[in-house]
Amino acid sequence: MRWNTICFDLDNTLFSHEHAFEQAITHCYYQFVQQWLDEGRCRLQPDAADWFRIFKRNSDLYWSSYEDGQIGEKTYRRLRYHDTVRALNLPYTDREADRFHQYYDAVVADFSEPFPGLQRFIKALVHARVNVGIITNGSMAKQLRKIDKLGIRSIIPDDSIIISEAVHAAKPSKAIFDVAKMRLCTSEAEVPLYIGDSWQQDVVGALDANWDAIYLNTRFEKPNTAHEPVCIFESFTDVIEFIYDQNKLKG
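The paragraphs below set out a description of the structure included in this document. (Residues numbered from 1 in each chain as written. Predicted model: local features only at pLDDT ≥ 70, side-chain atom pairs only at ≥ 80, totals over all residues. Heavy atoms only, no water.)

## Some details on the side chain of S160
The criterion, for reference: Numbered from the N terminus, helices here are DSSP runs of H or I no shorter than four residues, and strands are runs of E no shorter than two. Should any heavy atoms of two residues lie within 4.5 Å, those residues are considered in contact.
Along the polypeptide, S160 turns up in the loop between helix 6 (140–150) and strand 3 (161–163). Ignoring anything within four residues of it in the chain, the contact list for S160 reads V132, G133, I134 and L184.

In structure tokens form, the structure reads like this:
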């Protein structure tokens with residue numbers, strides 16, 4: 001067996017966060033647009049496709065500043081909301097931006113659908129006595145709701161689900177990987193495997209913490225450092241096939 005311990009990122013690794021994001025943001029838009037019409041803030045209902053297109057563009061625009069720690073999550077969310085409503089000639093308030101995102105946090109898990117074969121794959125790993133975990137940034141409540149929706153909460157022990165809010169450390173910090181290693185690995189010498197979709201947070205973070213890493217590059221982004229993961233794949237199905245082969249799994 002090549003790896004005794006395998007941990008996964010959550011968003012865009014075990015399910016398509018991009019798909020869930022679009023569905024949830026569009027759903028939130030429909031909840032808020034009637035209020036705008038009732039209050040006379042707009043005469044015609046903005047097109048939902050236009051709303052999401054602009055919102056996604058602004059999300060991407062400010063993402064690197066958020067990921068690099070230049071701005072916090074609340075500021076990031078307010079900026080993308082502000083620029084979107086301004087583009088549609090709607091008035092903006094921080095309070096409404098916060099309410100919009102609070103509603104988004106409450107519903108996004110409902111749109112999270114596991115990648116094909118996920119549950120069977122996790123069960124096969126557990127059956128082969130591989131220590132399986134999840135390491136994810138985010139809030140406890142929101143991330144656990146997503147894991148519940150994916151149908152793997154009953155397969156992975158709660159102690160093996162490491163969420164940044166709970167352990168007061170976030171990827172790419174070595175500290176969060178050290179927490180996972182302490183909980184899951186059977187020896188200090190063991191080199192566990194981490195699988196994730198973010199080059200900086202998942203690949204660089206894991207390799208700098210002395211883990212092996214697989215880069216699940218579903219968004220076809222070019223690596224920007226010289227770090228060398230075990231493999232780079234563009235689909236979760238390819239990851240499954242590789243792990244099945246490397247760990248000689250059955251099922």
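From this point, the narrative continues.
## Topic: the packing of helix 2 (residues 48–67) against helix 3 (residues 73–87)
Convention followed: In this analysis an axis means a line fitted to C-alpha atoms, helices contributing only their contacting stretch, and an angle means the value between N-to-C directions, from 0 to 180 degrees. In this scheme, a crossing is called left-handed if the near helix is turned counterclockwise away from the far one by less than a right angle; it is called right-handed if the turn is clockwise. Three classes are used: nonpolar for Ala, Val, Leu, Ile, Met, Phe, Trp, Tyr, Cys and Pro, charged for Asp, Glu, Lys and Arg, and polar for all others, with Gly counted as polar.
Taken N-terminus to C-terminus, the directions of helix 2 and helix 3 make an angle of 145°; their axes are 9 Å apart at the nearest point. Seen along the crossing, helix 2 lies across helix 3 with a hand that is right-handed. Facing W51, I54, F55, N58, S59, Y62, W63 and Y66 of helix 2, the residues of helix 3 in contact are E73, Y76, L79, R80, Y81, D83, T84, V85 and A87. The residue makeup of the contact of helix 2 with helix 3, split by class, is 11 nonpolar, three polar and three charged.

## Some thoughts on the nonpolar core
Which entries qualify depends on this criterion: Put simply, a nonpolar core is a bunch of buried Ala, Val, Leu, Ile, Met, Phe, Trp, Tyr and Cys residues held in one set by side-chain atoms that sit within 4.5 Å of each other. Per-residue accessibility, obtained with a 1.4 Å probe over protein chains only, is compared with the maximum for each type, and a residue is labelled buried under 20%, exposed over 50%, and partly exposed between these values.
Of all hydrophobic cores here, the largest spans 36 residues; its most connected members are F8, F121, I122, L125, I152, F236 and I243. Contributions of two or more residues to this core are made by strand 1 (5–8), helix 5 (118–127), strand 2 (131–136), helix 6, strand 3, strand 4 (193–196), strand 5 (212–216) and helix 10 (236–246). Element by element, the count of residues in this core is highest for helix 10, at six residues. Setting aside chain neighbours within four positions, we find I152 in contact with L14, L118, Q119, I122, I134 and I147.

## Structural notes on the sheet that holds strand 3
To summarise the sheet geometry, strands pair through backbone hydrogen bonds and adopt either a parallel or an antiparallel arrangement. Defined as follows: Between any two strands, at least two bridges found by DSSP are needed for them to pair.
The six strands are arranged 3-2-1-4-5-6 in an open sheet whose pairing can be described as parallel. With one partner strand each, in any of the chains shown, strand 3 and strand 6 (231–233) form the two edges of the open sheet. Looking at each pair of strands side by side, their axes are set apart by 20° on average, direction ignored. In terms of strand pairing, strand 5 meets strand 6 through three bridges, oriented parallel. Residue pairing for strand 6: L216 is matched across the bridge by F233. Packed onto the sheet, helix 6 meets strand 2 and strand 3 and runs at close to 145° relative to strand 3. Of the strands in this sheet, strand 1, strand 4, strand 5 and strand 6 are in contact with helix 10, which crosses strand 5 at around 150°.

## Some points on helix 10
Considered for burial, the residues of helix 10 that qualify are F236, V239, I240, F242, I243 and Y244. Buried positions along helix 10 lie against strand 1, helix 5, strand 4, strand 5 and strand 6. Looking one or two places after helix 10, you find K248, whose phi comes out positive at around 55°.

## A word on the packing of aromatic side chains
Quick reminder of the rule: Note on aromatic contacts: the rings of Phe and Tyr and the six-membered ring of Trp form a pair at centre separations within 6.5 Å, being stacked when their planes are under 30 degrees apart, edge-to-face when over 60 apart, and tilted otherwise.
Within this structure, the stated rule accounts for 26 aromatic pairs. Their ring planes at 65° and their centres at 5.3 Å tell us that W63 and Y66 sit as a pair that is edge-to-face. Of the two residues, W63 and Y66 are both situated in helix 2; the distance of three residues between them amounts to about one turn of the helix. Ring centres 5.4 Å apart and planes at 50° place the aromatic pair F233 and F242 in the tilted group. In terms of burial, F233 and F242 fall into one category: buried. An aromatic cluster is defined as three or more aromatic residues linked by ring pairs; in this entry it consists of F21, Y29, Y30, F32, W51, F52, F55, Y81, Y92, F100 and Y104.

## A word on the environment of T93
Formally: In protein, a polar contact requires one atom able to donate a hydrogen and another able to accept it; more generally it is a pair of N or O atoms within 3.5 Å, and residues adjacent in sequence count only if both atoms are side-chain atoms.
Note on placement: T93 falls in the loop between helix 3 and helix 4 (94–107). Here the alpha-carbon distance between T93 and R78, two residues 15 residues apart in the chain, equals 8.8 Å. Polar side-chain contacts of T93 include one of 3.0 Å to the backbone nitrogen of E96.

The values reported here are purely geometric and, on their own, carry no functional implication.
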